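Chain by chain, the residues:
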Amino acid sequence: MTNRPLAILAVIILSILMMLYVYEFSVFSNTLEMKRLVLISTLAGAVLATVPLWIWRARFMPWKEHFSTAVLILTFSIVFAPLFGSLLNRGLGTDGTDSFEFVAETAYFASGYGVLKGEKLKPTGWKLILKEAEHQWRLSYKTQAFFPLTKPGEKVLLPVRKGVLGVRVVGLK
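These figures come from a predicted structure and were not determined experimentally. (Residues numbered from 1 in each chain as written. Predicted model: local features only at pLDDT ≥ 70, side-chain atom pairs only at ≥ 80, totals over all residues. Heavy atoms only, no water.)

S.K.: I'd like to hear about the packing of aromatic side chains, residue by residue, with values.
M.R.: According to the stated counting rule, one finds five aromatic pairs in the structure shown. Each ring, one from Tyr21 and one from Phe28, has its centre 6.1 Å from the other, and the planes form 65°; the classification is edge-to-face. Take Tyr21 and Phe28: they sit in the same class, and that class is buried. Their ring planes at 25° and their centres at 6.0 Å tell us that Phe76 and Phe80 sit as a pair that is stacked. With Phe76 and Phe80 both in helix H3 (residues 63–91) and four residues apart, the pair spans about one turn of that helix. Since its relative accessible area comes to 36%, Phe76 is described here as partly exposed. A residue is classified by how much of its surface remains accessible, and Phe80, at 7% relative accessible area, is buried. A connected cluster of aromatic rings, assembled from ring pairs, spans Tyr21, Phe25, Phe28, Phe76 and Phe80. Across from the ring centre of Trp54, 4.1 Å away, lies the NZ or CZ of Arg57, which sits over that ring. (Phe/Tyr/Trp six-rings, centres within 6.5 Å; stacked < 30°, edge-to-face > 60°. Buried < 20%, exposed > 50% of the residue type's maximum accessible area, 1.4 Å probe, protein only. Helix = DSSP H or I, 4+ residues; strand = E, 2+ residues; numbered from the N terminus. Lys NZ or Arg CZ within 6 Å of the ring centre and 35° of its normal.)

Rendered as structure tokens:
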């Protein structure tokens, strides 16, 4: 009986974490060095889970009975590390602006059920392709087209939040 409140609390916490992850996807699509953020966060999550497991390894004895618990702790730490890394990166970052070379801005249409006959299509969102030095960045946003009159090769100035982990996030929504 005493485990039921803990199980309910665990389900609530897991649901909140998954909801935060879903909301963070729009930020992930506008994060410039996303691979770096995921790598740093995943390694940090693995270390932050492994060290306490190693320190309190006596608590997990006999190993055969508690192996699945240790694997679960390590797995959840690694899976949710990019979420916490992104929140930490943005939360302690500084705002600024960066200049990029404009390549293209294209509208896209997405529908979960297809297009109905006679339905007028409106863009669901836009994809923005930018170039910076040797890197090409693809960003996405849903509100409006920001650069309808800009020609390829022109410079554009965008709001960028430089995070505490050194990863930049473009502030387009």
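S.K.: A description of the sheet that holds strand S2 (residues 125–132) should follow, citing residues and the corresponding values.
M.R.: Pairing is antiparallel in the open sheet, where five strands are placed in the order S3-S2-S1-S4-S5. The outermost strands of the open sheet, each flanked by one partner alone, are strand S3 (135–141) and strand S5 (168–170). Along the sheet, successive strands turn relative to each other by an average axial angle of 45°, direction set aside. The pairing of strand S1 (residues 94–108) with strand S4 (residues 155–162) spans eight bridges and is antiparallel. (Pairing = 2+ DSSP bridges. Axes fitted to C-alpha atoms, helices over the stretch in contact; angles between N-to-C directions.)

S.K.: Before we move on, can you summarise the environment of Ser140 with the specific residues and values?
M.R.: Mapped onto the elements, Ser140 comes out in strand S3. Distance in space between the C-alpha atoms of Ser140 and Val27 is 9.4 Å, their sequence separation being 113 residues. Setting aside chain neighbours within four positions, we find Ser140 in contact with Ser29, Asn30, Trp126 and Lys127. (Contact = heavy atoms within 4.5 Å.)

S.K.: Let's hear about the nonpolar core: which residues, and what values?
M.R.: Among the nonpolar cores identified, the biggest contains 15 residues, and Phe100, Leu128, Leu130, Leu139, Leu158, Val170 and Leu172 are the most heavily contacted of them. For this core, the secondary structure elements donating two or more residues are S1, S2, S3 and S4. Setting aside residues up to four positions removed in sequence, Leu172 forms contacts with Asn30, Leu128, Leu139, Tyr141, Phe146 and Leu158. Of all hydrophobic cores here, the second largest spans eight residues; its members include Tyr21, Phe28, Leu37 and Phe80. (Core = buried A, V, L, I, M, F, W, Y, C linked by side-chain atoms within 4.5 Å.)

S.K.: I'd like a rundown of the packing of helix H2 (residues 34–55) against H3, residues and numbers included.
M.R.: Two elements in contact, H2 and H3, have axes whose closest approach is 7 Å; the angle formed by their N-to-C orientations is 135°. It follows from the interaxial angle that H2 and H3 lie oblique. Of the two elements, H2 crosses H3, and the hand of that crossing is right-handed. Contact with H2, carried on its side by Leu37, Val38, Ser41, Thr42, Gly45, Ala46, Ala49, Thr50 and Leu53, involves Ala70, Ile73, Leu74, Ser77, Ile78, Ala81, Pro82, Gly85, Ser86 and Asn89 of H3 and no other residues of that element. Of the residues in the contact of H2 with H3, the class split is 11 nonpolar, eight polar and no charged. (Parallel < 35°, antiparallel > 145°, perpendicular 65-115°, else oblique. Left-handed = near helix turned anticlockwise from the far one by under 90°. Nonpolar A, V, L, I, M, F, W, Y, C, P; charged D, E, K, R; others polar.)

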